[in-house]
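# Analysis of the macromolecular model
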Amino acid sequence: MGKSIAAARRGRSPGRATALLGAGALAAGLLTACGSDNGLKINIYYAPEDNFQTVVDNCNSAAAGKYEIVYNKLPRGSDDQRLQMVRRLAAGDSSLDILGLDVTWVSEFAEAGWADEWTGANKAEASKGALPGPLDTATWNGKLYAAPKNTNVQLLWYDDRITPTPPKTWDEMIQQSQALKAQGKAAHNIVFTGAQYEGLVVVYNTLVESAGGHILSDDGKSVVMDEGAIKALELLKNVTTAGVTDASLTNSKEDDVRQTFQRGDAAFELNWPFVYASFAKDKKADLPHFKWTTYPSVIPGMPAKTTIGGYDLAISSYSKHKPEAYQAALCLRSAENQKFSAIKDGVPPTIESVYQDTVPLDASKPASDDNPSMQTKYPMRQTILDALKNAALRPLTPAYQNASTVMSKILSPPSEIDPRATADKLRQQLGDALQSKGVIP
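In this report, the structure presented in the accompanying data block is examined.

Calculation rules
- Residues numbered from 1 in each chain as written.
- Predicted model: local features only at pLDDT ≥ 70, side-chain atom pairs only at ≥ 80, totals over all residues.
- Heavy atoms only, no water.
- Helix = DSSP H or I, 4+ residues; strand = E, 2+ residues; numbered from the N terminus.
- Rg over C-alpha atoms; globule rule 2.2 N^0.38 Å.
- Buried < 20%, exposed > 50% of the residue type's maximum accessible area, 1.4 Å probe, protein only.
- Areas by Shrake-Rupley, 256 points an atom, 1.4 Å probe, with all protein chains shown as cover.
- Lys, Arg positive; Asp, Glu negative; His and termini not counted.
- Charge placed at Lys NZ, Arg CZ, Asp CG, Glu CD.
- Polar contact = N/O pair within 3.5 Å; in protein donor to acceptor, adjacent residues only side chain to side chain.
- Pairing = 2+ DSSP bridges.
- Disulfide = S-S within 2.5 Å.
- Phe/Tyr/Trp six-rings, centres within 6.5 Å; stacked < 30°, edge-to-face > 60°.
- Lys NZ or Arg CZ within 6 Å of the ring centre and 35° of its normal.
- Salt bridge = Lys/Arg side-chain N within 4 Å of Asp/Glu carboxyl O.
- Axes fitted to C-alpha atoms, helices over the stretch in contact; angles between N-to-C directions.
- Contact = heavy atoms within 4.5 Å.
- Parallel < 35°, antiparallel > 145°, perpendicular 65-115°, else oblique.
- Left-handed = near helix turned anticlockwise from the far one by under 90°.
- Nonpolar A, V, L, I, M, F, W, Y, C, P; charged D, E, K, R; others polar.

Let us look at the overall build of the protein. In terms of regular secondary structure, the protein is built from 18 helices and 11 strands. For 441 residues, the compact-globule formula gives about 22 Å, and the C-alpha radius of gyration of the protein, at 21 Å, lands near that figure. Projected onto the principal axes, the alpha-carbon positions of the protein cover approximately 70 × 55 × 40 Å. Counting all 441 residues of the protein, 57% fall into the buried class. When the accessible surface of the protein is summed, it comes to about 17,300 Å², and 49% of that surface belongs to carbon and sulfur atoms. For the protein, the centre of its 46 positive side-chain charges and the centre of its 49 negative side-chain charges are spaced 2 Å apart.

Here it is, written out as structure tokens:
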């Protein structure tokens with residue numbers, strides 16, 4: 001998931017803004033938001049996405065002069081994106097109309113009173129045809145606070161010349177990696193996001209959910225850390241002490257993982273679908289051998305529940321143009337525009353019907369390299385859809401930022417995990433994190 005849409009494709013991006021950077025970003029945003037005084041402006045604040053301006057332009061044409069959507073591009077880092085919007089909303093800034101929210105922020109913004117509830121016809125339109133998992137990311141306390149724009153889910157990527165039959169479970173994957181290593185194969189490692197940041201939390205959450213466990217209660221108000229959560233800790237410990245992970249694991253983020261696999265230094269890659277477009281560009285001759293399947297199971301016979309990423313579109317509670325903002329948001333995440341973004345930027349749709357769409361972008365012309373379709377540009381679409389139908393959410397809590405920071409710190413490095421002791425530490429520190437009141441600064 002062009003690489004500039006890293007946050008949307010990968011679920012989250014690393015980086016915590018300093019006060020100086022945050023102030024600079026805030027000033028830049030204020031200048032951008034002013035725009036023209038001619039006509040009604042609807043300001044959307046959204047992550048960098050290579051072709052999103054084209055989507056905005058299409059929706060402006062559809063608006064036929066009723067309003068003009070202005071794309072205010074947020075910083076690349078997910079934490080920096082959130083910080084810019086939090087500071088402005090905390091000040092009651094009414095120039096923000098549409099908010100591009102990472103799926104982990106919806107409950108936080110809703111609880112703070114910054115995201116408007118979607119009701120009536122707007123709610124019906126935002127929910128129509130949406131996959132349940134992505135729709136759940138936009139829901140808090142039974143109410144819809146955003147419209148799912150794009151989703152994301154990790155897959156297992158492999159080279160069929162090295163492993164013709166991909167593993168179905170983590171234990172099988174470790175065993176296959178050890179066998180390749182014993183044969184002296186350079187490509188034998190398992191690579192995933194093991195650095196101390198959200199990427200490691202995503203892997204852990206997937207393992208917990210795939211083991212039938214829980215980190216927090218369903219209402220996000222208390223810590224659970226049950227046997228499934230402990231089993232996930234055991235698995236993280238096992239895989240990182242079995243001699244089949246790269247030495248750079250504790251520094252590996254999404255693109256590091258991609259590059260390691262593309263260099264031929266790994267047999268298995270756990271990553272978001274953005275890796276396909278990169279592989280197609282960088283190693284076109286080898287593309288027929290670059291394969292994918294759903295995430296390996298933790299428990300044999302029980303499909304993995306892979307953690308959802310992506311972005312939702314919320315309407316600011318302070319917007320002075322809510323009717324137009326809702327109309328604009330619905331256009332920006334329409335089935336047609338989700339298809340365009342999937343093909344052009346690699347971001348998986350939240351509307352199920354788009355996955356079966358076989359019509360090229362320009363329906364008046366036959367499909368070609370210059371006029372692609374979902375079939376030609378998104379060959380892994382059915383596997384993504386299968387994974388999304390059995391996906392997992394990250395713990396839903398307004399205090400997720402604190403909880404994520406706690407988890408990434410305690411889980412790193414995974415090789416030093418002591419399952420029971422680590423679970424106790426997580427239980428205690430997550431309990432403290434949940435006591436945070438309001439929005440985490």
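Another point: the side chain of Lys41. Looking at the secondary structure, you find Lys41 in strand S1 (residues 41–46). Reaching out from Lys41, the side chain makes a polar contact with the side chain of Glu68 at a distance of 2.4 Å.

Turning our attention to the pairing of strand S11 (residues 308–315). Of all the eight residues making up S11, eight are buried; the element is thus mostly covered by neighbouring parts of the structure. Sheet topology places strand S3 (residues 98–102) next to S11; five bridges connect them, and they run antiparallel. Within the sheet, the bridge partner assigned to Leu101 lies in S11 and is Asp312.

The next point concerns the state of the cysteines. Tallying each qualifying case throughout the model produces one disulfide. Across a sulfur-sulfur distance of 2.1 Å, Cys59 and Cys331 are joined as a disulfide pair. With the S-S dihedral at roughly -100 degrees, the linkage between Cys59 and Cys331 falls on the left-handed side. Of this pair, Cys59 sits in helix H3 (residues 52–63) while Cys331 sits in helix H13 (residues 322–332), placing them 272 residues apart in sequence. By relative accessible area, which is 1% here, Cys59 ends up buried.

Taken as a whole and judged by the stated rule, the model has 15 aromatic pairs. Judged by centre distance (5.4 Å) and plane angle (75 degrees), the rings of Tyr46 and Tyr311 are edge-to-face. Remark: Tyr311 occurs in strand S11 and Tyr46 occurs in strand S1; sequence separation between them is 265 residues. Looking at Tyr46, the relative accessible area reads 0%, which means it is buried. On the numbers, 6.4 Å between centres and 20 degrees between planes, the contact of Trp105 with Phe109 is stacked. The same class applies to Trp105 as to Phe109, namely buried. Taken together, the aromatic side chains of Tyr46, Phe52, Tyr71, Trp105, Phe109, Trp114 and Tyr311 make up a single cluster linked through ring pairs. Over the face of the ring belonging to Tyr197 we find Lys253, whose NZ or CZ atom lies 5.2 Å from the ring centre.

As a further point, take the pattern of salt bridges. Scanning the model with the defined rule gives 18 salt bridges in all. Here Asp255 makes a salt bridge to Arg258, at a shortest N to O gap of 2.6 Å. Placement of both Asp255 and Arg258 in helix H11 (residues 254–262) is noted, with a separation of three residues, approximately one turn of the helix. Between Arg427 and Asp424 there is a salt bridge; the shortest N-O distance is 2.8 Å. Placement of the pair is Arg427 and Asp424 together in helix H18 (residues 419–433), with a separation of three residues, close to one helical turn. Overall, the relative accessible area of 30% leaves Arg427 in the partly exposed class. Given the relative accessible area of 46%, Asp424 is considered partly exposed.

If you walk across this open sheet you meet the five strands as S2-S1-S3-S11-S6, and the pairing is mixed. Of all the strands in the sheet, just strand S2 (68–73) and strand S6 (147–153) have a single pairing partner and so form its edges. Adjacent strand axes in the sheet meet at a mean angle of 20 degrees when their direction is disregarded. Helix-sheet contacts for helix H16 (residues 381–388) involve S6 and S11, and the interaxial angle to S6 is about 105 degrees.

The subject of this paragraph is the packing of H11 against helix H12 (residues 274–282). Contact geometry of H11 with H12 gives a least axis separation of 11 Å together with a crossing angle of 40 degrees. Between H11 and H12, the interaxial angle falls into the category oblique. Helix-helix and strand crossings are classified by hand; for H11 and H12 the assignment is right-handed. Contacts between H11 and H12 involve Glu254, Asp255, Arg258, Phe261 and Gln262 from the first element and Phe274, Val275, Ser278, Phe279 and Asp282 from the second. Looking at the contact of H11 with H12 residue by residue, the class counts come to four nonpolar, two polar and four charged.

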